[in-house]
Amino acid sequence: SAGTAVTASSAVPRSAATAVSHLREMFADFDDELLYNVYRAAHYNKESAIERLLEMSAQQEQEQQQDVQQQQQQAAATAQAEQQREAPPPAAPARRRDAVAVEFFAG
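Sequence positions are assigned chain by chain, starting from 1 and proceeding in written order. Local features in this predicted model are restricted to residues whose pLDDT is 70 or higher, and side-chain atom pairs enter the listing and the counts only when it is 80 or higher, whereas totals over whole chains, interfaces and linings include all residues. As a rule here, side-chain values come from all non-hydrogen atoms in the structure, and water together with hydrogens is ignored.

*Asks:* I'm lost on the pattern of salt bridges in this one. Help?
*Replies:* Any two side chains of opposite charge can pair if their charged atoms end up close together. By convention in these notes, a salt bridge is any Lys or Arg side-chain nitrogen within 4 Å of a carboxyl oxygen on Asp or Glu. Under the definition given, this model contains two salt bridges. Between Arg 24 and Asp 32 there is a salt bridge whose closest N-O contact spans 2.7 Å. Of the charged contacts in the structure, one is a salt bridge between Arg 52 and Glu 55, with a shortest N-O distance of 3.2 Å. Linking Arg 52 with Glu 55, this pair stays in helix H3 (residues 46-86), spanning three residues, or about one helical turn. In DSSP terms, a helix is any run of H or I states spanning at least four residues, a strand is any run of E spanning at least two, and both are numbered starting from the N terminus.

In structure tokens form, the structure reads like this:
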């Protein structure tokens, strides 16, 4: 869970706790449980764990950028729709007097 500290007194070996502490300094956005799980999945190889966490961090950043772009597109579409609702209806083209006269005499 978020905010769970991995310490030497827990079931994690001291070397793993130290590695997680180092990883936390580099990847403060990830919680300790995730850091430990990635480190363990990397067979306790800190360099491999760092590579994987960098990939995860880049993926997370890309997803956040996509979310921001979607929000901007939605905001622009909403603003455009509101602007169209508030705009007065287009005026009918003015009829020329000679056209009215032709219609009158033709009628």
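*Asks:* I'm lost on the environment of Ala 42 in this one. Help?
*Replies:* Note that Ala 42 resides in the loop between helix H2 (32-41) and H3. Sequence-wise, Ala 42 and Arg 52 are ten residues apart; in three dimensions their C-alpha atoms are separated by 8.3 Å. Setting aside anything within four residues of it in sequence, one finds Ala 42 in contact with Ser 48 and Ala 49. Here, two residues are considered to be in contact whenever any of their heavy atoms come within 4.5 Å of each other.

*Asks:* Just to check I follow, could you spell out the packing of aromatic side chains for this structure?
*Replies:* What describes a pair of aromatic rings is the distance from one ring centre to the other and the angle between the planes of the rings. Aromatic rings from Phe, Tyr and Trp, taking only the six-membered ring of Trp, are treated as a pair when their centres fall within 6.5 Å; an angle between ring planes under 30 degrees marks them as stacked, one over 60 as edge-to-face, and anything in between as tilted. This model, assessed by the stated rule, comprises two aromatic pairs. A ring pair is formed by Phe 27 and Phe 30, whose centres lie 6.2 Å apart and whose planes are at 35°; its orientation type is tilted. Taking the centre distance of 5.3 Å and the plane angle of 85° together, the rings of Tyr 39 and Tyr 44 count as edge-to-face. Assessed through its relative accessible area of 7%, Tyr 39 is described here as buried. A simple rule labels every residue: compare its accessible area, found with a 1.4 Å probe on the protein chains alone, to the largest value its type can have, and call it buried under 20%, exposed over 50%, or partly exposed in between.

Keep in mind these numbers describe shape, not what the thing actually does.
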